[in-house]
Amino acid sequence: MLRERMRAAESVLVLTGAGVSAESGVPTFRGGGNTAVWKGMPFDVISSAGMLQKDLPAVWEWFNYRRNLLAVLKPNPAHETIASWQDRFADLALVTQNIDGLHQASGSRDVIELHGNIWRARCFDCDARHDLKDMKMDDGVPSCFDCGGNLRPDVVLFGEMLPPGAFERAFDAAQRCDLCFVIGTSAVVYPAASIPEIARANGAYVVEINPEPTPLSSICHEVLTGKAGEILPLLSEARPLGRAT
Ligand code: BV8
Ligand code: ZN
C-alpha cells in the first residue's frame, strides 16, 4: 500500500512533466489527443537544434511568447505538495522536464532541471548565462552583456545533449531511491523517460500520477489516474486514497 511505502521510504525520487503545471494554466505539449503547434510548426520542429541554425529569431519569438504566458502563472497544489515533501523525506530528489520554474516558485530547492529553464539565456560565444527576468526583450535575437554574442534560450532542444551533470544526478537518484513518483509526463522523451525505468530496475516502488495511461504505466506498481493537483494533496492527508489501478 502506498501510504506504507511513503512512511517507510528513505529515498524518494519525483520525476515531473508538463502535466504538473497544467493546473497552473501552462499548456501541455501532448496529451488529450493534441500536440502543440506554433505558427503551423509542431513544437518539436520549432524547439529543435536544427531550428536554432535555420531561424534563431523564430526560436526567440516562440520562447518570448511562452515566457509572456508564464509570467502571470502561479504554482498549484501539485507543486506545493512536492515542495512540502522536502521536509517529509530525508532524501528527496526532484527531477523535472519542465522549464517553467514553477517548482522553484513553490519553494522546491535544488531542482534537477533536465531540459533547462525558460527564464535563462545562454551565449553562443562565451557560454555566459543571463537571467531573462532582468532583461527587457525586444524583437529579434538578444545580445550577450559580456561579449556581445548572440544569445539563445538556455533550454534543451530536440537533438541536443542535456546540461552537463543533470542526467548523471538524476541517474544516481534513480539508482538509490526506494520510491519513485512519475507525475504528469507522457514519458515519450528520452533520456528523461528512462529515469523511472532505472529506478524500477534498481528495486524502487514506482507510482504514476496522470489522467491518461503512458508507455511507462505498465512498469509502474501503482497508477493513480487523475490530476496531479487533486491527487498529490490527498497523499499528505490521513484519509484513504481514491482509485488506484
Ligand atoms: C538527447 C524543452 C542525445 C524545449 C523539451 C530514443 C528513440 C528515439 C528518439 C530518441 C531516443 N532517445 C533520444 C531521442 C531523441 C529525443 C527524443 O526523446 N525524442 C522522442 C520524442 C522520440 N530526445 C532528445 O533529443 C534529447 N536529447 O537525446 O540527446 C542526443 C543528442 C544529439 C543526437 C542524438 C542524441 C533532448 C530532449 C529535450 C527536448 N526538450 N523541452 C521546449 O520546451 O521547447 S521537450 C518537451 O517534452 C517538454 O518541454 C518536456 O520537457 C518534454 C516531455 O514532455 P512532458 O513533460 O512529458 O509533457 P507532455 O505534454 O508530453 O505530456 C503531458 C502529460 O501530462 C500527459 O501525459 C497528460 O496526460 C498529463 N497531464 C495533463 N494534465 C495533467 C496531467 N498529469 C497530471 N495532472 C494533470 N492535471
Ligand atoms: Zn557572451
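Residues numbered from 1 in each chain as written. Chains lettered and ligands numbered in written order. Predicted model: local features only at pLDDT ≥ 70, side-chain atom pairs only at ≥ 80, totals over all residues. Heavy atoms only, no water.

Overview of the sheet that holds strand β9 (residues 179–183)
- The strand order across the open sheet built from six strands is β5-β4-β1-β9-β10-β11, with neighbouring strands paired in parallel fashion. Either end of the sheet is taken by a strand with one partner, and the two such strands are β5 (112–113) and β11 (222–225).
- By the bridge criterion, four bridges tie strand β10 (residues 205–210) to β11 in an arrangement that is parallel. Paired with Ile-209 across the two strands is Leu-224, which belongs to β11.
- Together, β1 (11–16), β4 (91–96) and β9 form the strand contacts of helix α6 (residues 77–88), whose direction differs from that of β4 by roughly 155 degrees. (Pairing = 2+ DSSP bridges. Helix = DSSP H or I, 4+ residues; strand = E, 2+ residues; numbered from the N terminus. Contact = heavy atoms within 4.5 Å. Axes fitted to C-alpha atoms, helices over the stretch in contact; angles between N-to-C directions.)

Some remarks on the packing of aromatic side chains
- Summed over the entire model, instances satisfying the criterion amount to eight aromatic pairs.
- Ring plane angle 40 degrees and centroid distance 5.7 Å describe the contact between Trp-38 and Trp-62, whose orientation is recorded as tilted. In this pair, Trp-38 sits in strand β2 (residues 37–38) while Trp-62 sits in helix α5 (residues 56–70), placing the two residues 24 residues apart along the sequence.
- With relative accessibility at 5%, the residue Trp-62 sits in the buried group.
- Taken together, a centroid distance of 4.8 Å and an interplanar angle of 35 degrees make the contact between Trp-38 and Tyr-65 tilted. Linking Trp-38 in strand β2 with Tyr-65 in helix α5, this pair joins segments that are 27 residues apart in sequence.
- Put simply, the rings of Trp-38, Trp-62, Phe-63 and Tyr-65 pair up and form one aromatic cluster.
- Against the face of Trp-119 rests Lys-133, its NZ or CZ located 4.8 Å from the ring centre. (Phe/Tyr/Trp six-rings, centres within 6.5 Å; stacked < 30°, edge-to-face > 60°. Buried < 20%, exposed > 50% of the residue type's maximum accessible area, 1.4 Å probe, protein only. Lys NZ or Arg CZ within 6 Å of the ring centre and 35° of its normal.)

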